[in-house]
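Spelled out from the first residue to the last, the chains are:
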Amino acid sequence: MAFAVTSSSAAISVSSFSRSSSSDLKVPQICSFRLADRHATVNLSQKRCAVKPVNAEPKRNDSLLPQAASISAPEVSEKVEVEDFEKLAKELDSASPLEIMDKALEKFGNDVAIAFSGAEDVALIEYAKLTGRPFRVFSLDTGRLNPETYRFFDEVEKHYGIRIEYMFPDAVEVQALVRSKGLFSFYVDGHQECCRVRKVRPLRRALKGLRAWITGQRKDQSPGTRSEVPVVQVDPVFEGLDGGVGSLVKWNPVANVDGIDIWNFLLAMNVPINSLHSQGFVSIGCEPCTRPVLPGQHEREGRWWWEDAKAKECGLHKGNLKQHSAAQLNGNGNGAAAHTDIFNSQNLVTLSRAGIENLTRLQNRKEPWIVVLYAPWCPYCQAMEESYVALAEKLAGSGVKVAKFRADGEQKEYAQKELQLGSFPTILFFPKHSAKPIKYASERRDVDSLMAFVNALR
Ligand code: SF4
């Protein structure tokens, strides 16, 4: 997750607030406006929870909250209403991201903000817009982001007519770190120190101005660390505006959504997308610490790859850390033996290594073939199973053969070298009269799109 910093909290506090909705986004934020909002939401803000956050720092003023507003905020009443967020999480567990987003904005109004990293969590902004409610977005500018991400921030601001509330690291802290250890100390002694300075502390300051925040965390994102992500929880790590016990609530509206469904949503809604994704980046963070993932690798393996897989959370979501056995860390794509095979249909040919090698020789090809290179454990392959089986059914008897070739494990190197395998699934069309297979380039894997691809080439 990327977020940004300034040493001057006053600059952020009054003039740079973005309250965004399609209708009032461009209205400059002024103190009197916020103060009115503060009074309007005070009953909700008084709700307390019985869970004590850990790692709470002393109260600071350099947060997202305007100082003038914090001075005039009403006293918290003696009688505290306790909200049961565990119960609410159970109630909302099967709710849609849109419903969860709506509930978060309804409950916390101007005291909640979306944490935006510059990746596919742009979906959160789209969901917030769809609720029709005003919303706020903040981001951490670590100073080490890719140029593409800065451009993407600008594009998102323009697309939604919002101003992102950037948070920056403390200049003195960055200076001390870089002068003593250099610009790339994280490669030597781990990322925690640099992340603490450039991400965690700025985030802590941002959250001190809020009573709730909204993240794009999903259960399928991190091996070992995010398998338990409730849709809403009392933040187990950070504290909010009121400080102390249960003062911050964390909403994870897409906790139960698979990455493939996020992407389908982004494409369907024509949402702007960080151009790094088209270069193979799945997880997007700081430039020196993020890389495109290789075929079969879990997206979190694109972060801090030189460190142990279980220690990859940067501190922003440390509350998710749990002890997991090595058997559960199925991120490298090679531990696939336990997975049931997919694409099972009488209309599909299962190709062995010898079979696909034979198919690559044009003189042995009597008809065109479409072949999916897959791994049964890959969620993107699983997601297209239904449409690919439907395609096989449609093409049965048409003269076009539909096949599958399992290309993980020991077949991966061959598939990368000889079959253009980039990531799973890779779909290839072997024309009847041309030696070279043609790779399907689109992310759309519905049956109609696949059929259009076949019909264009057969
Ligand atoms: Fe520093 Fe890398 Fe962490 Fe960014 S991700 S704050 S560059 S260690």
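Residues numbered from 1 in each chain as written. Predicted model: local features only at pLDDT ≥ 70, side-chain atom pairs only at ≥ 80, totals over all residues. Heavy atoms only, no water.

- Looking at an unreviewed UniProt entry, one finds the protein named adenylyl-sulfate reductase (glutathione), with Hibiscus syriacus as its source organism.
- Heading Catalytic activity (unreviewed entry) of the UniProt record for the protein holds this comment: "glutathione disulfide + sulfite + AMP + 2 H(+) = adenosine 5'-phosphosulfate + 2 glutathione".
- Of the comments in the UniProt record for the protein, the one headed Cofactor (unreviewed entry) reads "[4Fe-4S] cluster". (UniProt positions renumbered as here; feature names shortened; annotations may be inferred.)

## Notes on the site of the ligand
Next, step 1: All residues adjacent to the ligand are Arg144, Phe186, His191, Cys194, Cys195, Arg198, Lys199, Cys286, Cys289 and Trp304.
Next, step 2: Sorting elements by how many residues they give to the shell around the ligand places helix 11 (residues 192-207) first, with four residues.
Next, step 3: Of the residues in the shell around the ligand, the class split is six nonpolar, one polar and three charged. (Near = heavy atom within 4 Å. Helix = DSSP H or I, 4+ residues; strand = E, 2+ residues; numbered from the N terminus. Nonpolar A, V, L, I, M, F, W, Y, C, P; charged D, E, K, R; others polar.)

## Side note on the pattern of salt bridges
Next, step 1: Taken as a whole, this structure holds 18 salt bridges when the rule is applied.
Next, step 2: Among the salt bridges present, the one from glutamate 239 reaches lysine 208, with a minimum N-O distance of 3.7 Å. Here the residue glutamate 239 occupies a position in the loop between strand 5 (232-234) and strand 6 (249-251), and lysine 208 occupies one in the loop between helix 11 and strand 4 (212-214), the gap between them amounting to 31 residues.
Next, step 3: Assessed through its relative accessible area of 6%, lysine 208 is described here as buried.
Next, step 4: Across the salt bridge formed by arginine 406 and aspartate 408, the nearest N and O atoms sit 2.9 Å from each other.
Next, step 5: Classification of arginine 406 as partly exposed rests on a relative accessible area of 29%. (Salt bridge = Lys/Arg side-chain N within 4 Å of Asp/Glu carboxyl O. Buried < 20%, exposed > 50% of the residue type's maximum accessible area, 1.4 Å probe, protein only.)

## Things to note about the nonpolar core
The nonpolar side chains of soluble globular proteins are, as a tendency, buried together.
Next, step 1: Residues Phe116, Ile214 and Trp251 are the most contacted members of the largest nonpolar core, which totals 44 residues.
Next, step 2: With six residues, the single largest contributor to this core is helix 7 (residues 122-131).
Next, step 3: In this view, isoleucine 214 contacts Met101, Ala104, Leu105, Val112, Ala113, Ile114, Ala115, Leu124, Trp251 and Pro253; residues no more than four positions away in its chain are not counted.
Next, step 4: Among the nonpolar cores identified, the runner-up in size contains 41 residues, and Leu359, Ile370, Ile427 and Phe430 belong to it. (Core = buried A, V, L, I, M, F, W, Y, C linked by side-chain atoms within 4.5 Å. Contact = heavy atoms within 4.5 Å.)

## A closer look at the sheet that holds strand 6
Within a sheet, adjacent strands bond to each other through the backbone by hydrogen bonds, running parallel or antiparallel.
Next, step 1: The six strands lie next to each other as 3-2-1-4-6-5, forming an open sheet whose pairing is mixed. Each edge of the sheet is formed by a strand with only one pairing partner; in this case those strands are strand 3 (165-167) and strand 5. The sheet shows a mean angle of 30° between the axes of neighbouring strands, direction not considered.
Next, step 2: Pairing analysis gives three bridges linking strand 5 to strand 6, with the strands arranged antiparallel. Across the sheet, residue glutamine 233 finds its bridge partner in strand 6, namely lysine 250.
Next, step 3: This element, helix 11, spans strand 2 (137-140), strand 3 and strand 4 of the sheet and lies at about 155° to strand 2. (Pairing = 2+ DSSP bridges. Axes fitted to C-alpha atoms, helices over the stretch in contact; angles between N-to-C directions.)

## As for helix 17 (residues 447-457)
Next, step 1: Among all positions of helix 17, only Val447, Ser449, Leu450, Met451, Phe453 and Val454 are buried.
Next, step 2: Close packing links the buried residues of helix 17 with strand 8 (369-374), helix 15 (385-395), strand 10 (426-430) and strand 11 (438-439).

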